[in-house]
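# Residue-level structure breakdown
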Amino acid sequence: MNMSLSVQNISCLRAGRAIFENLSFDLKKGDCLVLRGPNGSGKTTLLKTLAGILPSATGEIHCDPAQISYAGHLDAIKAQLTVRENLTFWAGIYDAGNLDRVLSEFDLTTLADRYGQTLSAGQRRRLGLARMILTECQIWLLDEPTNSLDAEHAAIFAKAVNKHCSNGGVAVLSSHIDLHIPNTQTLDLSDFAPTGATETDPFLQGGFS
Ligand SMILES: Nc1ncnc2c1ncn2[C@@H]1O[C@H](COP(=O)(O)OP(=O)(O)OP(=O)(O)O)[C@@H](O)[C@H]1O
């Protein structure tokens, strides 16, 4: 099973505007990469590109797409299903059987029968992260994963990422704060900003991508 993620000279556009250029990195089993950079520097764009949701304008990405699990800003929770039913749905998709362990790991056991629509922002985020862990994919892509989490649950999350990487998994995550995950590498997206780029409103330029 290939658990590496190799990125060579990728450049990405949003609405026709270059966001970052010539970005390369190689991650192997056990590596955790934290994406830094100011608002708009392209952290979400990069994560979505790695996940195959957005195309890159140049360069190559080498990984096994079946090993990728992406957790974006939206937590992919079905409002009309309970916490357990949400996870059961995903367990069926990924043929995963560790549902009770994941519920317990993310402190969701007492919330198991609550409907998605009744959860607080932090509880929703915990369910979204539990879903990602349930998939048993080896490459985790996480966009600001600790948003809405209190200190206790941010620490539980950091422990889960550390365990994933210690077991040979790979993680790429964006964050504006220090998540206290040991042995991480850092990549600052502002180092790959196109030369001479200025922040202008893409909506005035027309188009979405
Ligand atoms: N759907 C879109 N259409 C056009 N431009 C977009 C779109 N989404 C994002 N952008 C632009 O792309 C650039 C990179 O955005 P992105 O969300 O990747 O940044 P980010 O580093 O994740 O920011 P933040 O720290 O605020 O989450 C920004 O200038 C943003 O305005």
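Placed above this text is the structure.
Residues numbered from 1 in each chain as written. Predicted model: local features only at pLDDT ≥ 70, side-chain atom pairs only at ≥ 80, totals over all residues.

### Some words on the overall build of the chain
Scanning the chain from terminus to terminus reveals six helices and eight strands. Helices and strands in the chain line up, N terminus first, as β-β-β-α-β-β-α-α-α-β-α-β-β-α. Relative to its length of 209 residues, the chain is compact, with a C-alpha radius of gyration of 17 Å against a globular reference of 17 Å. In terms of principal-axis extent, the alpha carbons of the chain reach across some 55 × 40 × 30 Å. Counting the 209 residues in the chain, one finds 34% classified as buried. At a minimum sequence separation of 6, the contacts of the chain that also span at least 24 residues come to 76%. (Helix = DSSP H or I, 4+ residues; strand = E, 2+ residues; numbered from the N terminus. Rg over C-alpha atoms; globule rule 2.2 N^0.38 Å. Buried ≥ 20, exposed ≤ 12 C-beta atoms within 10 Å, placed from the backbone. Contact = placed C-beta atoms within 7 Å.)

### Here's the deal with the sheet that holds strand S2 (residues 17-27)
Paired through their backbone hydrogen bonds, the strands of a sheet run either parallel or antiparallel. Spatially, S2-S1-S4 is the arrangement adopted by the three strands of the open sheet, whose pairing is antiparallel. Lying at the two open borders of the sheet, with one neighbouring strand each, are S2 and strand S4 (58-62). If you compare each strand with its neighbour and ignore which way they point, the axes differ by 25° on average. Here strand S1 (residues 5-14) runs beside S2; their pairing, made up of seven bridges, is antiparallel. Its bridge partner being in S2, Val-7 is matched across the sheet by Phe-25. The sheet strands contacting helix H1 (residues 43-50) are S1, S2 and S4, and the helix crosses S1 at an angle near 125°. (Pairing = 2+ DSSP bridges. Axes fitted to C-alpha atoms, helices over the stretch in contact; angles between N-to-C directions.)

### Concerning the nonpolar core
Grouped together as the largest cluster of nonpolar side chains are 46 residues, with contacts concentrated most on Val-102, Leu-129, Ala-130, Ile-133, Leu-141, Ala-171 and Val-172. Examining the composition of this core, we find that six residues originate from one element, helix H4 (residues 121-134), more than from any other. Filtering out sequence-adjacent residues up to four positions away, Ala-171 remains in contact with Cys-32, Trp-140, Leu-142, Val-161, His-164 and Cys-165. (Core = buried A, V, L, I, M, F, W, Y, C linked by C-beta atoms within 7 Å.)

### A short note on helix H2 (residues 83-94)
If you check H2, its first and last C-alpha atoms are 17 Å apart, about what 12 residues at 1.5 Å a residue would give, namely 16 Å. Taken together, the buried positions of H2 are occupied by Val-83, Asn-86 and Leu-87. Buried residues along H2 cover an arc of 90° about the axis, so they all sit on one side. In this structure, the buried residues of H2 make contact with helix H3 (99-105) and H4. One or two positions beyond H2, positive phi appears at Asp-95, with a value near 55°. (Expected span 1.5 Å × (residues − 1). Arc of directions from axis to C-beta.)

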